[in-house]
Amino acid sequence: QVQLVESGGGLVQAGGSLRLSCTASGRTFNNYAMGWFRQAPGKERETVAAIDWIGGTTYYAASVKGRFTISRDNAKNTVYLQMNSLKPEDTGVYYCNGAPASITYVRAASYFDSWGQGTQVTVSS
C-alpha cells in the first residue's frame, strides 16, 4: 500500500502563497489519481483539487479555481498543490489521497476511509 506524507504547510498572510507537497513511499503511485482535501475544525472535509494519473485532467473546487494549481511528478512520486492569493477561509489541515481509480471517484473526499497526518495551513489577515 502507498504511504503518503504531506508537507509544506505553514502560516502565511492573506494574499501570499504556499506550495504543498505529497510524497509517496512504499510503492509508486504513478497509476493513482490524486487529490488534495482540506478540513477545518468542526467542518466536513472537502475536496480542493484532483488530478488524474497522467496529469491531463484536473478538477478544482469553485472556491479555489484560478488560485490553486495541482500538478504531479510521477518520477518523484510527488503531487503538488500551488496555492496563490491565499485567503483566511483557506485555513485548514490539508491532506492528499489517491487511488488507482478514475478522477471521478478521487474528487470525492467521501470515497476515502483512511487519511494521513496532513499539513496545517493557516492564513492570517
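Up top is the structure these notes are about.
Model, not experiment: these values are computed from the prediction.

**Student:** Before we go on, may I ask you to explain the overall build of the chain in this structure?
**Tutor:** Each helix and strand counted, the chain has 1 helix and 10 strands in total. When the helices and strands of the chain are read in sequence order from the N terminus, they spell out β-β-β-β-β-β-β-β-β-α-β. Relative to the globule expectation of 14 Å for 125 residues, the C-alpha radius of gyration of the chain, 13 Å, shows essentially globular dimensions. Dimensions of the chain along its principal axes, counting C-alpha atoms only, are 40 × 25 × 25 Å. By the burial criterion, 45% of the 125 residues in the chain qualify as buried.

**Student:** Which parts of the structure should I look at to understand the sheet that holds strand S2 (residues 10-13)?
**Tutor:** The strands that make up a sheet pair up through hydrogen bonds in the backbone, lying either parallel or antiparallel. The sheet built from 6 strands is open, its strands ordered S2-S10-S9-S4-S5-S6 with mixed pairing. Looking along the sheet, the strands with just one partner apiece sit at the ends: S2 and strand S6 (58-60). Recorded for the sheet is a direction-independent mean angle of 25° between the axes of neighbouring strands. Judged from the 3 bridges that link them, strand S5 (residues 46-51) and S6 form a sheet pairing that is antiparallel. Its bridge partner lying in S6, Ala50 is registered against Tyr59.

**Student:** Before we go on, may I ask you to explain the pattern of salt bridges in this structure?
**Tutor:** Where charged atoms from two side chains of opposite charge come close, those side chains can pair. The final tally for this structure, using the stated rule, is 3 salt bridges. For Asp90, the salt bridge is made with Arg67, and the minimal N-O distance between the two is 2.8 Å. Of the two residues, Asp90 is situated in the loop between strand S8 (78-83) and strand S9 (92-99) and Arg67 in the loop between S6 and strand S7 (68-73); the sequence distance between them amounts to 23 residues. A single burial state applies to Asp90 and to Arg67, both of which are buried. One salt-bridge network, held together by shared partners, links Arg38, Glu46, Arg67 and Asp90.

What counts, and at which threshold
- Residues numbered from 1 in each chain as written.
- Predicted model: local features only at pLDDT ≥ 70, side-chain atom pairs only at ≥ 80, totals over all residues.
- Heavy atoms only, no water.
- Helix = DSSP H or I, 4+ residues; strand = E, 2+ residues; numbered from the N terminus.
- Rg over C-alpha atoms; globule rule 2.2 N^0.38 Å.
- Buried < 20%, exposed > 50% of the residue type's maximum accessible area, 1.4 Å probe, protein only.
- Pairing = 2+ DSSP bridges.
- Axes fitted to C-alpha atoms, helices over the stretch in contact; angles between N-to-C directions.
- Salt bridge = Lys/Arg side-chain N within 4 Å of Asp/Glu carboxyl O.

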